[in-house]
Amino acid sequence: MLGIPLSGYELANAAMFIAGLAILGFVVIRFRNFAGRGQSTSYSDRSILSMLIAQQFFGHVLLVLLFTANPREIHITAGELVILLLTASAGALVTLWMSNVKRDRIIRAAAGAWVVSVCTVQGVLTLMMAYPVKPTTIDMTFLLATVLPICAFYAIFHSRLIYKNQSRLTLLGIPLVGLAFPAIQLSLVHGIQFDVTQYEMLSDVGLDARRLQCFLAISTVIAVSLTFVTGSDPRQHWRRYAVAAFLTALLSISVFQATDYSTRRSTTYFELARLTETLNAQRSELFVQAQEYQARDLTEMSSWKVPSTVFEQIQSFYENKTRVEELIASPSTADGVREFYYSNFATHNGEDSGISLAEEMDHFYQFLKSSFGLQSQISDFTKVEELLFGSRLSELSRRVLVHAKETNDLQLLVRDMSLVGGIFIFGFMVFGVFLPAQRSTVGALDELEAEKARVYKLALCAEHTTKGIVLTDWRGRVTWCNDAFSQMSGFAPHELEGVRLEDVINHPDADEDVIRSVSENLRDNRTADYEILAMRKNGQDFWLSGAVSPVFTDRRVRQFVHVIEDVTEDRAIRQRLASARAESDRLALIARHASDGMAILDTNYSVAWVNPSMEKMTGYSLAEMCDVPLNIILSGPDTNREKLDRSVRAVTSHVPVNEELLIYPKSGDPYWVDAIHTPIFESDGTYAGCVIVHRNITERKNLELELIASRDELAARVEERTQTIMNQSLELEKALASERELNRMQAEFVSMASHEFRTPLTIIDGAARRIEKRADRLAPDEIRERVGTIRATVKRMTMLVERTLDATRLSSGRIRLSPEPFSLKDLVNEVCTRQKEVATTYTIDVDIDELPTNMFGDAKLLDNVVTNIISNAVKYSGKRKYVSVKGFVEDQYATLKVRDTGIGIPKEEISKIFQRFFRASTSTGIPGTGIGLNLVKSLVEMHYGDVEIDSVEGEWTELTLKLPLKSPLDTAPGDTAPDTHRTFETNEDVA
């Protein structure tokens, strides 16, 4: 069939099929990463993936055709081959696009159906182009029954294979996908039949099966090579160059071997053909000479000599025969030629002649030697045998020339495939090596620049971060540290270089277990976190928290990065938080198991949280009470709303409060609680709500009520029995009080008499003595002056006696008013006139024109009041001896203002000035009893008036007297007479 054994043809096809499965597995895995998982791929990777998919579309279809069809019937022109390649490439590009449409799942799901559609169309086009005639029969039933189920199965399986992240499904899918494409092509081959005649096979032009097989082998090798050059890592460019070098070497070796093989075969066949033709010519010439030699006259036989040329021709024939046998026996000669030469040929009847061409060659040679007398053994060779022998040599020559032509075709094939291989390798170099290398190199340079910028930023961050960053080598020695760690440890950076980090921060009390754990992690090249007690350069302890990570270079740990932070304050805060959390847990435990009900209310007095006891006491769950004011939930008809509202106001005013309240639970049966309200505040002092504790005191309250009832009953009995004793005791107390008052008044009177009456008596005695001693020498005017002095003194004594008696009567309740109409203006004017007569050296400025002349009251007692006021002003006026008396009407009151310019009264003593027997501290050395102003106030109030006093110590004192213009003492006819026996009792303890 072909110039190579059929077994070799099938072996090559099987090898390409296995390589195709490997390529298909690679395509499935990369396709899943690209389409199913959405992993990013470079432009070169997508280009390579599309070329591999196109090779699968083209290669599987063509390979199945080479397996199933008669190789002599297959011819595809170069243009048709380009169309098939373009169709496969377009199908691959559309497949990638459909699988990468992330927003439309329908298009992505239809990618599998598209793949089998492209495979089917590719198979139909390949069949139509491979055969020189139109199909004789198309079995549509068979095609629909076989192709459609395969297409449907693959479409579903493709979707699950690509978009389901299942490794087992992927391993199963690779052989299934590899079988789906050949299964479709096999169905097309058996469903579409062609009938090709010998003439049509000879007249058909294009690439035969051998060229198609070589083209497919080259594309398969290129596809396998493409699987090794995916990826954009510049460090893997060596793979691209290695694969390119391998392909170039493979192409060169293949071309060299094919050229050498074809050259050797061509030389062998052309020499063999020449020798065969030479033998055939020598055969004819020698046979004629042998016939002539055998036909000579016997009489001339002794004189007949064999020409020397005959011997040379026989020797040449023998040498050519030997050379032919050597060439036929060489490996370069095809088995068909060797078989034809050494096998027995058949007769015209088809029977075995029992002799081969080689034996016939030896027989003819023996015939020549026998004919020319070169051997004694007689050998015969007839004319017919000679003609058959010539025809067989001609057939051998023809067969040799056929194989020589095939060898020539092989040389043309080597030339064409070398060109195709060169084009493929050139494309591989451009699209699989140079362009990806250029893109990845540019990308690597861009990444390097970005990495430089990132490193610069990281360096800035490392220098300006508050955390310490330290680089150590694989032995733990410091190679670099930032300023933050230098400040943290107290060591300068140059002091740390080359020093083991654990020696720098070592502390004798450090936790050995932590150090051991970190060391074990570092030995295993794992990241380690730690928090350990360390020591600064100055010996100060501090806690640091660190994380150390290994840095790999060429898969070996070269450095460690330590990120260290001073957590001394954080650790203290954590300890306080832990203590607070433990305290909070204890309080929560207490709150959960406390028998008292507890609740937390917000700023609106609404429930935020309650403990189980509160839920049990009230019958309400937290969900029922949440966000509802507690006073609304638990109040009832007998709840003391005043207490409850007072508690709410107090606690919302940030004041703790404790009240006993009657509470109504959900069941409606009220109970008493001791409610403690405590406000709570945020850390900034903002009011956040309150905590309420309810303690059930129903039993205690019932006992209290029983005790109160018993107490009230007992108190009623005691009060009833002691009422008589109390009445008697009151009467006795009154008697004793009267007796004590009488004794006190007597003691006061004695004291006053001994003090106040001594001075007037002394004056009277002195005046009487002067009159007695100088009676004969005194002039009448002088005698009258002395007598006037005695009379004035006696009048003063009389006034003191009257004032004392009035005070006594007032305190005993025996003073009586005798109200009548009088002129307040005249009364004040008369008192001022009298006072001027007594105090002749004092200036009394009187302005009383606005005082009313028609008043109602006891003029005698009011005369005593006004006299007391003005005489006090004169007595305490001091050295300036000036008194102002003003009278006017204001707000239905007759007002009299008397101001002196004397010693004044201290501010703190003004409120006590109207107390009986009280005298200001500034009145020391000035005579007085301390009952005058008390009497004035009492008498004025008996007239429904008022007395006010104001003073500035050392400057002045002003006393204001107010009497109503319409006195209640003045009653109309028929009205009830006012009480004319009104009394006024002073309280000596008023301060």
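Thresholds applied
- Residues numbered from 1 in each chain as written.
- Predicted model: local features only at pLDDT ≥ 70, side-chain atom pairs only at ≥ 80, totals over all residues.
- Heavy atoms only, no water.
- Salt bridge = Lys/Arg side-chain N within 4 Å of Asp/Glu carboxyl O.
- Helix = DSSP H or I, 4+ residues; strand = E, 2+ residues; numbered from the N terminus.
- Buried < 20%, exposed > 50% of the residue type's maximum accessible area, 1.4 Å probe, protein only.
- Phe/Tyr/Trp six-rings, centres within 6.5 Å; stacked < 30°, edge-to-face > 60°.
- Pairing = 2+ DSSP bridges.
- Axes fitted to C-alpha atoms, helices over the stretch in contact; angles between N-to-C directions.
- Contact = heavy atoms within 4.5 Å.
- UniProt positions renumbered as here; feature names shortened; annotations may be inferred.

## Observations regarding the pattern of salt bridges
Point 1. Under the counting rule described, the total for this entry stands at 30 salt bridges.
Point 2. Between Glu565 and Lys467 there is a salt bridge, with its nearest N and O atoms 3.9 Å apart. Of the two residues, Glu565 sits in strand S9 (residues 556-566) while Lys467 sits in the loop between helix H14 (383-464) and strand S5 (468-473), which places them 98 residues apart along the sequence.
Point 3. Relative accessible area serves as the criterion here: at 29%, Glu565 is assigned to the partly exposed category.

## Focus: the packing of aromatic side chains
Point 1. According to the stated counting rule, one finds 7 aromatic pairs in the structure shown.
Point 2. Look at Phe287 and Phe367: their rings are 5.8 Å apart centre to centre, the planes differ by 35°, and that puts the pair in the tilted class. Here Phe287 is found in helix H10 (residues 237-294), whereas its partner Phe367 is found in helix H13 (residues 357-371), with 80 residues between them in sequence.
Point 3. Since its relative accessible area comes to 2%, Phe287 is described here as buried.

## Topic: the sheet that holds S5
Point 1. As summarised here, the arrangement of the 5 strands in space is S6-S5-S9-S8-S7, forming an open sheet in which the pairing is antiparallel. Taken across any chain shown, the strands that pair with only one partner, and hence form the sheet edges, are strand S6 (478-481) and strand S7 (528-535). On average, each strand axis in the sheet is inclined to that of its neighbour by 30°, with strand direction left out of account.
Point 2. In terms of strand pairing, strand S8 (residues 541-553) meets S9 through 10 bridges, oriented antiparallel. Considered in S9, the bridge of Val548 is made with His562.
Point 3. Along the sheet, helix H18 (residues 512-523) contacts S7, S8 and S9; its crossing angle with S7, the most-contacted strand, is approximately 140°.
Point 4. Lying over the sheet, helix H19 (residues 568-593) contacts S7, S8 and S9, oriented at roughly 115° with respect to S8.

## Considering the sheet that holds strand S21 (residues 956-964)
Point 1. A sheet is described by the order of its strands in space; here 5 strands give the open sequence S16-S18-S19-S21-S20, paired in mixed fashion. Each of the sheet's edge strands pairs with one partner strand only, and the pair in question is strand S16 (843-847) and strand S20 (946-952). Strand-to-strand twist in this sheet, taken as the mean axis angle between neighbours without regard to direction, amounts to 15°.
Point 2. Pairing between S16 and strand S18 (residues 882-890): 5 bridges, direction parallel. Looking at S18, one finds that Asp845 is bridged to Ser884.
Point 3. The sheet contacts of helix H27 (residues 824-838) involve S16, S18 and strand S19 (893-900), and relative to S16 the element is tilted by about 170°.

## Comments concerning the UniProt feature "transmembrane region" (unreviewed entry) in the protein
Point 1. Those places that UniProt annotates as "transmembrane region" (unreviewed entry) correspond, in this numbering, to residues 12-29, 49-69, 81-99, 111-131, 137-157, 169-189, 209-229 and 417-435.
Point 2. What you have in residues 49-69 is 95% helix and 0% strand, and the ends, taken at the C-alpha atoms, are 30 Å apart.
Point 3. Taken end to end, residues 111-131 has its terminal C-alpha atoms 31 Å apart, with 95% of it in helix and 0% in strand.

## Regarding unusual backbone geometry
Point 1. If you check the backbone angles, Tyr605 has positive phi at about 65° while not being a glycine.
Point 2. Along the chain, the position of Tyr605 falls in the loop between strand S10 (597-601) and strand S11 (607-610).
Point 3. One non-glycine residue, Lys881, lies in the positive phi region at around 50°.
Point 4. One can find Lys881 in the loop between helix H28 (859-875) and S18.

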